[in-house]
Amino acid sequence: MYRISIRTSRRCDIVDITPSIRTYLREIGAESGTVTVFCPHTTAGLTVNENADPDVRRDLNAFLNRAIPREGDYAHSEGNSDAHIKSTLTNSAQVLIVEGGEVMLGTWQGVFFMEYDGPRNREFWLQFTGERTAAPRREGEGR
Amino acid sequence: MYRISIRTSRRCDIVDITPSIRTYLREIGAESGTVTVFCPHTTAGLTVNENADPDVRRDLNAFLNRAIPREGDYAHSEGNSDAHIKSTLTNSAQVLIVEGGEVMLGTWQGVFFMEYDGPRNREFWLQFTGERTAAPRREGEGR
Amino acid sequence: MYRISIRTSRRCDIVDITPSIRTYLREIGAESGTVTVFCPHTTAGLTVNENADPDVRRDLNAFLNRAIPREGDYAHSEGNSDAHIKSTLTNSAQVLIVEGGEVMLGTWQGVFFMEYDGPRNREFWLQFTGERTAAPRREGEGR
């Protein structure tokens, strides 16, 4: 398992982590299988969505903030119940297909770390399951 | 990885894809493990829910349309921000358990492709991870 | 695949199933890979969230009940459309990383069975994919 550290920069932030997943698969010599991306935090999550127009991420955040307001009839004393609820609605794990050593995504898809209670130092974890090449490929050897 | 093509027939459509998953597992001779179903589109998703009363799917669609209206305070210029938000809330991937060559589902469960911006030609992808039988089974040999 | 039975105690209930996952991994001698937790019911779901302050679970349930009311403009005649909708929003499966025989979770994370139409007798299913130790460990041998 690989642990990748990131720093989020706002209370609600959406960070593209697709490049880290690509690097991980290359470094371990992944060939064919699935990669599990896991968020070990209860006030953050993961999603797969559009990586082209940043307005899509802005609209997603704005919707979540309208549907799950920060202030509300909450019992949890830390003042971040909204972040816990968002975490459950957007999931802690994403599973992606790997083929030919590459993570398989649609043309417009990226994988995003969803911060709901930042800015903070965060982690996400990566685990590949499947077949590996005999020797790990080095950066730049590509295919 | 298998790519399966489907045609959706409305803007918001729910298509049962369970039979395609069963056929895939039989064709590759899957025995025991998991199958990952992945939606490579950012305005569609996947879910597992009831396959008996079609009113459940109707109620699910009606709820999503009420909770995430098509027109709203969105920045994304393509006019389908609602579809992107629904995609995140219902997930791009579903992971299912495989045993004895069969996808394991509850009595009332089916796997559904959720179209949020159709009608369109769409795809979903299938990847099995686990043990396979020595020789793939042919259609009709069953168990 | 292991099937674990539980009894939920209210219409909307949140049950910590993390200990069962730990026991399963120990019993089968799991070493490194992923474990898929699957809910075979269409009016229940699974989530990963905080296992410390029970108010987080209370706030999550209260939010879901506000956002998806039990009574509403539903067509499904069984009177539990809200439970089906919640099931889709919180997902039927959770995939977790396993390393050194242990399920890898953040400090504050637990895995929860979400009951939306109880009290009932329910099941969840567990399937490990990955490498196992030569001999399964017995309870108490730990590491």
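Going by the structure above, here's the rest.
Residues numbered from 1 in each chain as written. Chains lettered and ligands numbered in written order. Predicted model: local features only at pLDDT ≥ 70, side-chain atom pairs only at ≥ 80, totals over all residues. Heavy atoms only, no water.

Observations regarding the interface of chain A and chain C
Right, on to step 1. Listed as interface residues are 29 residues of chain A and, on the opposing side, 30 residues of chain C.
Right, on to step 2. Overall, the association of chain A and chain C removes approximately 2400 Å² of surface from exposure, summing both partners, and the carbon and sulfur fraction of that is 57%.
Right, on to step 3. Connecting chain A to chain C are zero salt bridges.
Right, on to step 4. Our enumeration of links across chain A and chain C arrives at 13 residue pairs in polar contact (both at pLDDT 80 or more). (Contact = heavy atoms within 4.5 Å. Buried area = accessible area lost by both parts, 1.4 Å probe. Salt bridge = Lys/Arg side-chain N within 4 Å of Asp/Glu carboxyl O. Polar contact = N/O pair within 3.5 Å; in protein donor to acceptor, adjacent residues only side chain to side chain.)

Some words on the sheet that holds strand β5 (residues 93-99) of chain C
All names here are of chain C.
Right, on to step 1. In spatial order, the strands read β1-β8-β3-β5-β6; together these five strands make up an open sheet with antiparallel pairing. Among the strands making up the open sheet, the edge pair consists of β1 (2-7) and β6 (102-103).
Right, on to step 2. Examined bridge by bridge, strand β3 (residues 30-38) and strand β8 (residues 121-132) share eight bridges and lie antiparallel to one another. Bridging from a neighbouring strand, V37 pairs with L126 of β8.
Right, on to step 3. Against the sheet, helix α1 (residues 18-28) makes contact with β1, β3, β5, β6 and β8, and its axis sits at roughly 45° relative to β8, the strand it touches most. (Pairing = 2+ DSSP bridges. Helix = DSSP H or I, 4+ residues; strand = E, 2+ residues; numbered from the N terminus. Axes fitted to C-alpha atoms, helices over the stretch in contact; angles between N-to-C directions.)

Description of the interface of chain B and chain A
Many analyses report the size of an interface as the accessible area lost when the parts associate.
Right, on to step 1. Of the residues lining the interface, 29 residues belong to chain B; the matching set on chain A comes to 30 residues.
Right, on to step 2. Looking at the side of chain B facing chain A, the largest losses of area belong to B:F38, B:T88 and B:Q127, adding up to 22% of the total buried there.
Right, on to step 3. Joining chain B to chain A, the criterion identifies zero salt bridges.
Right, on to step 4. Connecting chain B to chain A are 13 residue pairs in polar contact (both at pLDDT 80 or more).
Right, on to step 5. Of all elements in the fold, only β3 (30-38), α3 (81-90), β5 (93-99) and β8 (121-132) of chain B reach the threshold of two or more residues within the side of chain B that touches chain A.
Right, on to step 6. Tallying contributions element by element places α3(B) first for the side of chain B that touches chain A, with six residues.
Right, on to step 7. Along the lines of polarity and charge, the residues of the side of chain B that touches chain A split into 14 nonpolar, 13 polar and two charged. (Nonpolar A, V, L, I, M, F, W, Y, C, P; charged D, E, K, R; others polar.)

Looking at the sheet that holds strand β2 (residues 13-16) of chain B
All names here are of chain B.
Right, on to step 1. An order of β2-β7-β4 is seen for the three strands of this open sheet, with the pairing classed as antiparallel. In this open sheet, the two edge strands, each paired with only one partner strand, are β2 and β4 (44-50). Each strand of the sheet is rotated relative to its neighbour by a mean of 35°, with strand direction disregarded.
Right, on to step 2. Looking at chain direction, β4 and strand β7 (residues 109-115) are connected through seven bridges and run antiparallel. Bridge assignment links G45 to a residue of β7, and that residue is M114.

A few points about the packing of helix α2 (residues 54-67) of chain B against helix α3 (residues 81-90) of chain C
Right, on to step 1. The N-to-C vectors of α2(B) and α3(C) enclose an angle of 70°; their axes lie 9 Å apart at closest approach. What the angle tells us is that α2(B) and α3(C) run roughly perpendicular. For the element pair α2(B) and α3(C), the recorded crossing hand is right-handed. Contact with α2(B), carried on its side by B:V56, B:D59, B:L60, B:F63 and B:L64, involves C:S81, C:H84, C:I85, C:T88 and C:L89 of α3(C) and no other residues of that element.
Right, on to step 2. Among the residues making up the contact of α2(B) with α3(C), the classes are represented as six nonpolar, three polar and one charged. (Parallel < 35°, antiparallel > 145°, perpendicular 65-115°, else oblique. Left-handed = near helix turned anticlockwise from the far one by under 90°.)

Digging into the relation of the copies chain A and chain C
Right, on to step 1. Relative to chain C, chain A is turned by 120° and slid 0.0 Å along the rotation axis, the superposed coordinates differing by an RMSD of 0.0 Å. Viewed as a symmetry operation, the transformation between the two copies matches a three-fold axis. Closest to the rotation axis within chain A is the C-alpha of A:L89, separated from it by 3.5 Å.
Right, on to step 2. The share of interface residues of chain A whose copies in chain C are also at the interface is only 14%, consistent with the copies meeting through different surfaces. (Least-squares fit on C-alpha atoms with pLDDT ≥ 70 in both.)

Some details on the pattern of salt bridges
Right, on to step 1. Scanning the model with the defined rule gives 21 salt bridges over all chains in all.
Right, on to step 2. With a shortest N-O distance of 3.3 Å, C:D117 and C:R11 are connected by a salt bridge. Residue C:D117 is located in the loop between β7 (109-115) and β8, and its partner C:R11 is located in the loop between β1 and β2 (13-16); the two are separated by 106 residues in the primary sequence. With respect to burial, C:D117 and C:R11 carry one shared label: buried.
Right, on to step 3. Taken together, the shared-partner salt bridges in this structure form one network comprising A:R11, A:D82, A:D117 and A:R120. (Buried < 20%, exposed > 50% of the residue type's maximum accessible area, 1.4 Å probe, protein only.)

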